[in-house]
Amino acid sequence: MAKREAKHRRRAIKRNAFVANVSPQKVFERDGWKCHLCGKAINRKAVVPHPKAPTIDHVIPLASGGTHEPLNCRAAHFLCNSIKGDRGGGEQLLLVA
Ligand SMILES: [Zn+2]
């Protein structure tokens, strides 16, 4: 089981061709704790999988060649982020973990 998990993780990291040092906290503060998808306030005390919990959304999805750097990151609700695409859900979770 543990081996399987490690393999999954490695693959996710490999897919992020470019990974800058992004602090989720800084992205949320820069965006004023507002979801860029629905424009409403993010509950900073909520934790995933709470629908209003803060997550990082990639403007250009990593799967489409987007980069994990502050310019490509926006604050978004966990729920909005999940609805946005069927791809990437796992990635987003990895980033806020
Ligand atoms: Zn939202």
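Presented here is an overview of the structure given in this document. Just so it is clear, the structure is predicted and the values come from calculations on it, not from any experiment.

Looking at the overall build of the protein
When helices and strands are tallied, the protein shows four helices and two strands. Mapped from its N terminus to its C terminus, the protein presents α and β elements in the order α-α-β-β-α-α. In the protein, of all internal contacts separated by at least 6 residues, the share reaching a separation of at least 24 is 66%.

Details of the pairing of strand β1 (residues 54-58)
Counting buried residues along β1, five of its five residues qualify, which places the element largely inside the surrounding structure. Burial along β1 is two-sided: the face carrying P54, I56 and H58 and the face carrying T55 and D57 are both buried. Relative to strand β2 (residues 73-77), β1 runs antiparallel, the two sharing five bridges. By the bridge assignment, T55 is partnered in β2 with A76.

Here's the deal with unusual backbone geometry
Between V48 and the following residue, P49, the backbone shows a cis peptide bond with an omega angle of 15°. With respect to the secondary-structure elements, P49 resides in the loop between α2 (24-30) and β1. Positioned with a positive phi, W33 is a non-glycine residue whose angle comes to about 55°. Here W33 is to be found in the loop between α2 and β1. Exposure remark for W33: the 13 C-beta atoms within 10 Å place this residue in the partly exposed category.

Brief notes about the nonpolar core
If you look at the biggest cluster of nonpolar residues, it comprises five residues: F28, C35, I42, A75 and A76. Setting aside residues up to four positions removed in sequence, F28 forms contacts with W33, I42, P54 and A75.

Side note on the environment of K34
Position of K34 relative to the elements: it lies in the loop between α2 and β1. Ignoring anything within four residues of it in the chain, the contact list for K34 reads G39, K40, A41, I42 and A75.

Points about the environment of L62
Along the chain, L62 turns up in the loop between β1 and β2. Linking L62 and N72, residues 10 residues apart in sequence, is a C-alpha distance of 9.5 Å.

Topic: the environment of E29
Relative to the helices and strands, E29 resides in helix α2. With 12 C-beta atoms packed within 10 Å, E29 lands in the exposed category. Sequence-wise, E29 and A75 are 46 residues apart; in three dimensions their C-alpha atoms are separated by 8.7 Å.

Criteria and cut-off values
- Residues numbered from 1 in each chain as written.
- Predicted model: local features only at pLDDT ≥ 70, side-chain atom pairs only at ≥ 80, totals over all residues.
- Helix = DSSP H or I, 4+ residues; strand = E, 2+ residues; numbered from the N terminus.
- Contact = placed C-beta atoms within 7 Å.
- Buried ≥ 20, exposed ≤ 12 C-beta atoms within 10 Å, placed from the backbone.
- Pairing = 2+ DSSP bridges.
- Core = buried A, V, L, I, M, F, W, Y, C linked by C-beta atoms within 7 Å.

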